[in-house]
Amino acid sequence: MEPAAPRNELVSAEGRNRKAVLCQRCGSRVLQPGTALFSRRQLFLPSMRKKPALAEGSSPEGDLLQEHWLVEDMFIFENVGFTKDVGNIKFLVCADCEIGPIGWHCLDDKNSFYVALERVSHE
């Protein structure tokens, strides 16, 4: 995993992503520059694995992550997939290689999609 870039390198003065957001595994583009807002919110994401294993919900292992890109419309994404519902949550995965979760979406809030900075690359 690449070391975290300094925040001012990733976040513009307006609080948006300066760089494209990519899948760490396959390099597929998830978000274009300037399309997401930096957000601090503590969210639990299960450990990274392929999508079928995520949907089973068999393992509570994972990470509490604080820094995310907030996307307000699912159609802003260049390339993202969703797991089956896990309670009222859908996890975001790379649509090309299906690794994830890279992010989180609560079905109660239709306009909030979070992508964890620690789970993606930037260029």
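Preceding this paragraph is the structure being described.
As the structure is a prediction and not an experimental result, all values here were calculated from the model.

Cut-offs and rules
- Residues numbered from 1 in each chain as written.
- Predicted model: local features only at pLDDT ≥ 70, side-chain atom pairs only at ≥ 80, totals over all residues.
- Heavy atoms only, no water.
- Phe/Tyr/Trp six-rings, centres within 6.5 Å; stacked < 30°, edge-to-face > 60°.
- Helix = DSSP H or I, 4+ residues; strand = E, 2+ residues; numbered from the N terminus.
- Buried < 20%, exposed > 50% of the residue type's maximum accessible area, 1.4 Å probe, protein only.
- Pairing = 2+ DSSP bridges.

A.B. asks: Could you give an account of the packing of aromatic side chains, naming the residues involved and the relevant values?
C.D. replies: Per the counting criterion, the structure on display carries four aromatic pairs. Seen in terms of ring centroids, F38 and W69 are 6.1 Å apart; in terms of plane orientation they differ by 75 degrees. Their pairing is edge-to-face. Residue F38 is located in strand β3 (residues 37-46), and its partner W69 is located in strand β5 (residues 62-71); the two are separated by 31 residues in the primary sequence. Relative accessible area serves as the criterion here: at 0%, W69 is assigned to the buried category.

A.B. asks: Describe the pairing of β5, with residues and values.
C.D. replies: Within a regular strand, the side chains alternate between the two sheet faces. Of the strand pairs in this sheet, β3 and β5 are connected by eight bridges, and their pairing is antiparallel. Bridge pairing in β5 links L43 to L65. As defined by bridge partners, β5 adjoins strand β10 (residues 113-116) across four bridges and the pair is classed as antiparallel. Within β10, the residue paired with L70 across the bridge is Y114.

A.B. asks: With reference to specific residues and values, describe the sheet that holds strand β9 (residues 103-106).
C.D. replies: Read across the sheet, six strands follow the order β3-β5-β10-β9-β7-β6 without closing on themselves; strand pairing throughout is antiparallel. The open sheet has two edge strands with one neighbour each: β3 and β6 (81-82).

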